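Each chain, letter by letter, is given below.
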Amino acid sequence: MSETTFMGVTRDRIDWSPRIDYDKCNDCMECDEFCPHDVFEVREDQSPKLIVKNPENCVVFCRACAKTCGPDAITFPNKNETTAYIKQIRKGEAAGG
Amino acid sequence: MDKSYAVLPCNGLDKCAGSVTREIALRLLKKTDSKIICPVFFRVSDSRYGKLAQEKPLLVLDGCATRCASKLAAEKGLKIDERINVSDMAKEENIALGLDLTLNAEAQTLVERTVAGLLSSSETVAVDQEGAAHAFFPACLSYETFQKDKFIFRLPVDEGFYFNENDVWAYVSGTHARIGVTDFVQKSLSDIMFFTPTAVGAEIEQFDDLGTVESGKAVFEIISPVSGIVTSINEKLIDAPEMLNQNPYEQGWIAEIELSDFAEDRNLLHTFSGYLPIMKRKVTEFHV
Ligand code: SF4
Ligand code: SF4
């Protein structure tokens, strides 16, 4: 698979993916059913059953699965900080040539 | 009378209005040098009509609100020069189209009037009435197109268009922007069935969501390319979300925003030349 980027920044440098609060999660798997990007993994007979397996598949700035989560167990990094961070990397790289 | 068209009627046989489109097309053929595009044959063969649609202005005749002929034209990537919806025309003219599929005298009158109207109008009627109300948006866009399998993808080349990597565009003019999704979103979702907008008056930061569009396949979050206050949303999309599939850049726009800091927002946006390769890559990687 080719290396993916977001606004010219390689995807692995951007920390954007769902965070699951396992105290709230009730294993309904709505989020996994909803997301088409193969971000989550459901592991039968394991605890926790749901994990974020491929965080880099998550679409930067998407938060759609959080809306499907009844108990509000999904959160995301701070959008403004992420935006600022991406800008900072881009500036640094432009300056560095 | 040298006006002539490439006429694409819906030719819907099970509705009176559909039969009216056929009559209008036949009448135009008789009176002018117009040529007919048969919707049934066009579906299975592009080659027959492709050239014709380039040579003459395209007139699309829809019978009813399902707008099959418009949809067909959009699917084939044709630019519609003029469009008539027979059911709307009938309402305007106060003519009741019955359930009877053979055309009665009233329906004939409608045919006559429509043809006369078409031939007398010296200028093409603006297709997008809504667009006229929002004066800052260009009446007519130019597109770059490319093809994958049987699908044609468009991207507007006009200056003023910006794109984020979440496949949402903003057309910026002065302190205002109109927002919408790109052809990639529309095509990868296929038939869009729901549009859930954000509220007018909402304060939006760059990359906040402006609501969702949804098809049988997936839900797409509309991630705003710009920051500002939502001044209007495209209400028509709520009742007719299929307009997004017809053209997400014109009648399928999503919202309008009064910009708060576009100079800053622009740092994380692409222009046409930056986004085109991204959309092409996504199209290649996308498996229907
Ligand atoms: S939708 Fe929420 S509660 Fe359900 S599995 Fe996902 S994180 Fe857990
Ligand atoms: S934020 Fe969007 S892309 Fe990321 S896991 Fe949730 S639904 Fe999938």
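This text follows the structure it describes.
Residues numbered from 1 in each chain as written. Chains lettered and ligands numbered in written order. Predicted model: local features only at pLDDT ≥ 70, side-chain atom pairs only at ≥ 80, totals over all residues. Heavy atoms only, no water.

**Considering the overall build of chain B**
Along its length, chain B carries 12 helices and 15 strands. About 13,400 Å² of surface is accessible on chain B, with carbon and sulfur atoms providing 52% of the total. (Helix = DSSP H or I, 4+ residues; strand = E, 2+ residues; numbered from the N terminus. Areas by Shrake-Rupley, 256 points an atom, 1.4 Å probe, with all protein chains shown as cover.)

**Points about the overall build of chain A**
Of regular secondary structure, chain A possesses 3 helices and 6 strands. Relative to its 97 residues, chain A shows a buried fraction of 36%. Counting contacts in chain A only where the partners sit at least 6 residues apart, residues at least 24 apart contribute 59% of the total. Carbon together with sulfur atoms contributes 46% to the accessible area of chain A, which is approximately 5,700 Å² in total. (Buried < 20%, exposed > 50% of the residue type's maximum accessible area, 1.4 Å probe, protein only. Contact = heavy atoms within 4.5 Å.)

**A few points about the environment of S47(B)**
All names here are of chain B. Note on placement: S47 falls in helix α3 (residues 47-55). On the basis of relative accessibility, which here comes to 67%, the residue S47 falls in the exposed class. Side-chain polar atoms of S47 contact the side chain of S45, separated by 3.4 Å. (Polar contact = N/O pair within 3.5 Å; in protein donor to acceptor, adjacent residues only side chain to side chain.)

**Topic: the site of ligand 1**
Taken together, C25(A), N26(A), C28(A), M29(A), E30(A), C31(A), L50(A), C69(A), P71(A) and I74(A) make up the full set of residues near ligand 1. Along the lines of polarity and charge, the residues of the shell around ligand 1 split into 8 nonpolar, 1 polar and 1 charged. (Near = heavy atom within 4 Å. Nonpolar A, V, L, I, M, F, W, Y, C, P; charged D, E, K, R; others polar.)

**Some thoughts on the site of ligand 2**
Taken together, P18(A), F34(A), C35(A), H37(A), V39(A), F40(A), C58(A), V59(A), C62(A), R63(A), C65(A) and F76(A) make up all the residues around ligand 2. For the shell around ligand 2, the residue count by class is 10 nonpolar, 1 polar and 1 charged.

**Focus: the interface of chain B and chain A**
With 17 residues of chain B at the contact, the number on the chain A side is 19 residues. Of the roughly 1,500 Å² buried between chain B and chain A on both sides combined, carbon and sulfur atoms contribute 52%. Put simply, chain B and chain A have 6 salt bridges between them. The shortest N-O distance in the salt bridge between E264(B) and K87(A) comes to 2.8 Å. Here chain B is connected to chain A by 12 residue pairs in polar contact (both at pLDDT 80 or more). Mapped by element, the contributors of at least two residues to the side of chain B that touches chain A are β12 (209-215) and β13 (219-223) of chain B. In terms of residue count, the dominant contributor to the side of chain B that touches chain A is β13(B) (3 residues). (Buried area = accessible area lost by both parts, 1.4 Å probe. Salt bridge = Lys/Arg side-chain N within 4 Å of Asp/Glu carboxyl O.)

**Side note on the pattern of salt bridges**
Summed over all chains, the structure comprises 20 salt bridges over all chains. Measuring nitrogen to oxygen at the nearest pair gives 2.8 Å for the salt bridge that ties R19(A) to D15(A). With a relative accessible area of 31%, R19(A) lands in the partly exposed category. Across the pair K51(B) and E55(B) runs a salt bridge whose closest N-O atoms are separated by 3.3 Å.

**Here's the deal with the environment of P48(A)**
Residues and elements named next belong to chain A. In this structure, P48 sits in the loop between β4 (40-42) and β5 (50-52). Here the alpha-carbon distance between P48 and D27, two residues 21 residues apart in the chain, equals 8.5 Å. Apart from residues lying up to four places away in sequence, P48 is in contact with Y22 and R43.

**Notes on the sheet that holds β12(B)**
All names here are of chain B. Here 3 strands make up an open sheet; going across it, the order is β10-β12-β13 and the pairing antiparallel. Among the strands making up the open sheet, the edge pair consists of β10 (192-197) and β13. Between one strand and the next, the sheet's axes are offset by a mean angle of 20°, whatever the strand orientation. Where β10 lies against β12, 5 bridges are found, and the strand directions are antiparallel. Residue pairing across strands places F195 opposite V213, the latter belonging to β12. (Pairing = 2+ DSSP bridges. Axes fitted to C-alpha atoms, helices over the stretch in contact; angles between N-to-C directions.)

**Section: the pairing of β12(B)**
All names here are of chain B. For β12, the tally of buried residues reaches 5 of 7 residues, placing the bulk of the element in the interior. The sheet contact formed by β12 and β13 spans 4 bridges and is antiparallel. Opposite E214, over in β13, you have V219 as the bridge partner. In this structure, the hairpin formed by β12 and β13 is closed by a connection of 3 residues.

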